[in-house]
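Notes for the structure review
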There are 2 protein chains.
Amino acid sequence: MSMFDIFKRRGSAPVARERLQLLLAYERKSRNQPDLVGKLREEIMAVIARHIQIDHDDVHVRMDRGDTTSTLEIDIQIPNARSAALAV
Amino acid sequence: MSMFDIFKRRGSAPVARERLQLLLAYERKSRNQPDLVGKLREEIMAVIARHIQIDHDDVHVRMDRGDTTSTLEIDIQIPNARSAALAV
């Protein structure tokens, strides 16, 4: 099973849409770390938005902060019309 | 199995180091897309480097470009001394 089969198990996106998925995990040693994953989330979303026209309704973001691991999931559906603009 | 167990199956990082892992998958419709994942890679690495002091030897990056899916894996080991600086 390749690393990314985990994406496919969610069922591939309907044909008409493209999709961008991101998983990030930060394994920390101490509890008093500042919220690195929160900062990364804002800046990574800004990077993605520079390249893909994002519609708020098409974006799902989930963050979890465990004892030693913080995680971030970003799932963006890209309607085909907008992704065609990328081809230029 | 949670989404992030896939990270753990690689064996958790030695106690002395912290770790940041990122998986990105871009499901495309057409072949002539410009290399979006390549661009995202450079800019996401720059975002991470703003928050974590990265030593070139501690970073593993893998990119795959399939027919319909491009993938990016970034795996960064963070020696504890440098991560303590984050706590400020």
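Throughout what follows, the structure given in this document is the object of discussion. (Residues numbered from 1 in each chain as written. Chains lettered and ligands numbered in written order. Predicted model: local features only at pLDDT ≥ 70, side-chain atom pairs only at ≥ 80, totals over all residues. Heavy atoms only, no water.)

A word on the sheet that holds strand β1 (residues 17-27) of chain A. Paired through backbone hydrogen bonds, the strands of a sheet run either parallel or antiparallel to each other. Taken in spatial order, the six strands of this open sheet run β2(A)-β3(A)-β1(A)-β1(B)-β3(B)-β2(B), and their pairing is antiparallel. At either end of the open sheet lies a strand with only one pairing partner, and these are β2 (59-65) of chain A together with β2 (59-65) of chain B. Mean inter-strand twist for the sheet, computed between neighbouring axes without regard to direction, equals 5 degrees. Against the sheet, helix α2 (residues 36-51) of chain A engages β1, β2 and β3 (69-79) of chain A together with β1 (17-27) of chain B, with an angle of about 20 degrees to β3(A). (Pairing = 2+ DSSP bridges. Helix = DSSP H or I, 4+ residues; strand = E, 2+ residues; numbered from the N terminus. Axes fitted to C-alpha atoms, helices over the stretch in contact; angles between N-to-C directions. Contact = heavy atoms within 4.5 Å.)

Turning to the pattern of salt bridges, a few remarks are in order. Residues and elements named next belong to chain B. In the structure shown here, the tally under the stated rule is 10 salt bridges over all chains. For the salt bridge of R41 with E42, the shortest nitrogen-to-oxygen distance reads 3.5 Å. Take R41: its relative accessible area is 28%, and that puts it in the partly exposed class. In this structure E42 comes out as partly exposed when scored by relative accessible area, which is 48%. For E73, the salt bridge goes to R62, with nearest N and O atoms at 3.5 Å. A residue pair is termed long-range when its members are at least 10 positions apart, and E73 in strand β3 (residues 69-79) and R62 in strand β2 qualify at 11 residues. (Salt bridge = Lys/Arg side-chain N within 4 Å of Asp/Glu carboxyl O. Buried < 20%, exposed > 50% of the residue type's maximum accessible area, 1.4 Å probe, protein only.)

What follows deals with the packing of α2(A) against helix α2 (residues 36-51) of chain B. Across the interface, α2(A) lies against α2(B) with an axial gap of 10 Å and an inter-helix angle of 150 degrees. Taken together, α2(A) and α2(B) sit at an angle that is classed as roughly antiparallel. The handedness of the crossing between α2(A) and α2(B) is right-handed. Contact residues: L36(A), K39(A), L40(A), E43(A), I44(A), V47(A), I48(A), R50(A) and H51(A) in α2(A); L36(B), K39(B), L40(B), E43(B), I44(B), V47(B), I48(B), R50(B) and H51(B) in α2(B). When its residues are assigned to classes, the contact of α2(A) with α2(B) shows 10 nonpolar, two polar and six charged. (Parallel < 35°, antiparallel > 145°, perpendicular 65-115°, else oblique. Left-handed = near helix turned anticlockwise from the far one by under 90°. Nonpolar A, V, L, I, M, F, W, Y, C, P; charged D, E, K, R; others polar.)

Right, let's talk about α2(A) for a bit. The end-to-end C-alpha distance of α2(A), which contains 16 residues, comes to 23 Å, matching closely the 22 Å that a straight helix rising 1.5 Å per residue would cover. The complete set of buried residues in α2(A) reads L36(A), V37(A), G38(A), L40(A), I44(A), M45(A), V47(A), I48(A) and H51(A). For α2(A), the elements touching its buried residues are β1, β2 and β3 of chain A together with β1 and α2 of chain B. (Expected span 1.5 Å × (residues − 1).)

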